[in-house]
Amino acid sequence: QAEDGIRDQPRSRGLGDVYKRQLLAEHDSLLEGPVWTGESLIYNECYDNKTYEYNFIDHTIKLFRDNTYEANGMQFDRSGDLWVCEGGNHSIAKINYKTKSRKIIVESYNSKNLNWPNDLAITSDNKIYFSDPNYTQNKKNNQPGENVYLITSNFGGLWNIDPVTFDTKKPNGVLLSLDQKTLFVAESPYDEKYNRELRSYEILSNGLLGKYKILHDFGIGRGIDGMTLTSNNLIVATAGFYSSGPGPLIYIFDTKGRVLETHEVPSDMPTNCTFGGKNLDTLFVTCGTGKLYKVENTALTGHLIYPKKSY
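In this report, we go over the structure that sits alongside the text. (Residues numbered from 1 in each chain as written. Predicted model: local features only at pLDDT ≥ 70, side-chain atom pairs only at ≥ 80, totals over all residues. Heavy atoms only, no water.)

### Here we look at the environment of L249
Here L249 lies in strand β23 (residues 244-253). Taking the relative accessible area as the measure of exposure, L249 reaches 7% and is therefore buried. Sequence spacing of L249 and A237 is twelve residues, and the spatial spacing of their C-alpha atoms is 8.3 Å. Non-local contacts of L249, meaning those with residues more than four positions away in its chain, are made with A237, T238, A239, T262, H263, E264, V265 and P270. (Helix = DSSP H or I, 4+ residues; strand = E, 2+ residues; numbered from the N terminus. Buried < 20%, exposed > 50% of the residue type's maximum accessible area, 1.4 Å probe, protein only. Contact = heavy atoms within 4.5 Å.)

### Description of the layout of surface pockets
In this structure, the largest pocket occupies an estimated 570 Å³ of space. What lines the largest pocket is a set of 26 residues, and nearest its centre among them are Y135, Y190, R222, D225 and M269. (1 Å grid on protein atoms, 1.4 Å probe; cavity = no way out; pocket = protein on both sides within 12 Å on 5 of 7 lines; lining within 4 Å. Points joined across faces, edges and corners; volume = space filled by probe spheres on them.)

### Observations regarding the side chain of E187
Its location among the elements puts E187 in strand β18 (residues 182-187). Here E187 sits buried without a salt bridge, and the closest side chain of opposite charge, R199, lies 4.1 Å off (N-O distance). A polar atom in the side chain of E187 sits 2.7 Å from the backbone nitrogen of K169. Not counting residues within four places of it along the chain, the set of residues in contact with E187 comprises D167, T168, K169, K170, P171, N195, R196, E197 and R199. (Lys, Arg positive; Asp, Glu negative; His and termini not counted. Salt bridge = Lys/Arg side-chain N within 4 Å of Asp/Glu carboxyl O. Polar contact = N/O pair within 3.5 Å; in protein donor to acceptor, adjacent residues only side chain to side chain.)

### A short note on the pattern of salt bridges
Under the criterion given, the structure shown has nine salt bridges. Note that K170 is salt-bridged to E146, the shortest N-O span being 3.0 Å. Here K170 is found in the loop between β16 (159-163) and β17 (171-176), whereas its partner E146 is found in the loop between β14 (128-131) and β15 (148-153), with 24 residues between them in sequence. Under the relative-accessibility criterion, E146 is labelled buried at 13%.

### A closer look at the packing of aromatic side chains
Where two aromatic rings form a pair, the distance of their centres and the angle of their planes describe that pair. According to the stated counting rule, one finds 17 aromatic pairs in the structure shown. Plain terms: the ring middles of W83 and W159 are 5.3 Å apart, the flat faces sit at 80 degrees to each other, and that makes the pair edge-to-face. Of this pair, W83 sits in strand β8 (residues 82-86) while W159 sits in strand β16, and the two are 76 residues apart along the sequence. We classify W83 as buried; its relative accessible area is 0%. Here W159 falls in the partly exposed class, since its relative accessible area comes to 23%. Taking the centre distance of 6.5 Å and the plane angle of 75 degrees together, the rings of F218 and F253 count as edge-to-face. Here F253 lies in strand β23 and F218 lies in strand β20 (residues 209-219), a separation of 35 residues in the sequence. The class of F253 is buried, set by a relative accessible area of 0%. An aromatic cluster of three or more residues is present, and its members are W36, Y54, F56 and F284. Across the ring face of Y190, the terminal group of K170 is positioned such that the distance to the ring centre comes to 5.1 Å. (Phe/Tyr/Trp six-rings, centres within 6.5 Å; stacked < 30°, edge-to-face > 60°. Lys NZ or Arg CZ within 6 Å of the ring centre and 35° of its normal.)

### Comments concerning the side chain of D119
Along the polypeptide, D119 turns up in the loop between β12 (112-113) and β13 (120-122). Among buried charged residues, D119 stands out as having no salt bridge; its nearest opposite-charge side chain is R222, 11 Å away. Engagement of the side chain of D119 in a polar contact is seen with the backbone nitrogen of V174, the distance being 3.2 Å. Contacts of D119, omitting those with residues within four sequence positions, involve G73, C85, Y129, F130, S131, N172, G173, V174 and N272.

### Things to note about the sheet that holds β17
Spatially, four strands are ordered β17-β18-β19-β20 in an open sheet, and the strand pairing comes out antiparallel. If you trace the sheet from one side to the other, it starts and ends with β17 and β20, each paired once. Between one strand axis and the next, the sheet turns by 20 degrees as a mean value, whatever way the strands run. Direction of pairing for β18 relative to strand β19 (residues 196-203): antiparallel, over a ladder of six bridges. Bridged to F184 within β19 is S200. (Pairing = 2+ DSSP bridges. Axes fitted to C-alpha atoms, helices over the stretch in contact; angles between N-to-C directions.)

Set out below in structure tokens:
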């Protein structure tokens, strides 16, 4: 099934002037965490505790993994291990992609459970940043703050965890810049007293974060949920919904926050996106409605830390 795109105004410089979005799958609930493997896309149906795999060659979809602890954001590191935010288990886990064996890396800070790990970004030297919003306000022993954390390993092979933001109220999507000197954070509080923002934080030499800049202010509308990066350092983000503001959109920002393009999404609450396909020029988009789309021949190329080349 293909749905015709809409000609954008002003004239589009990416994703094509008139582009087609193809509906690949429709599940019963929220989809998140799309990740390109080189030949396929894996993604989560969070509340159903399942990860699915869409094969780009034969266009089949199969169950990749179940009992996922309401897995949300996922990323590969440069070794090909899959890091997963397990909201339902309040943990970050590492999955062997081939064997599907699972190892919990962190599940607490200062002897208290993490909140609801949501999204992560991994550096070239395996520093892991992840967002930890609280979606279980009545859960005991969760962290009082809703922060971005940094995971690092020491010489003994143990993992350290440290908060690196103290000014976020509900951080969501996180993304590294091309030079890995900036961490982009989607600040997405539910309370209408606070605005939704796309922020940039300077990454200091020790991996901690400096002060932030507001790149884009969404006001009280639904801000960014997920983000991915292009090879020329553009931010492609999913945001918005039908109930307020301009509706569900794909935004393309430069790293200073200038909106270069917007493209309508044909289903409500787009949650996340990533590039894939043979030339990394196909954009995959997940939605809160359970729909998965792809946009081929986008005129953009994704920047992925793994795999560097597909097929």
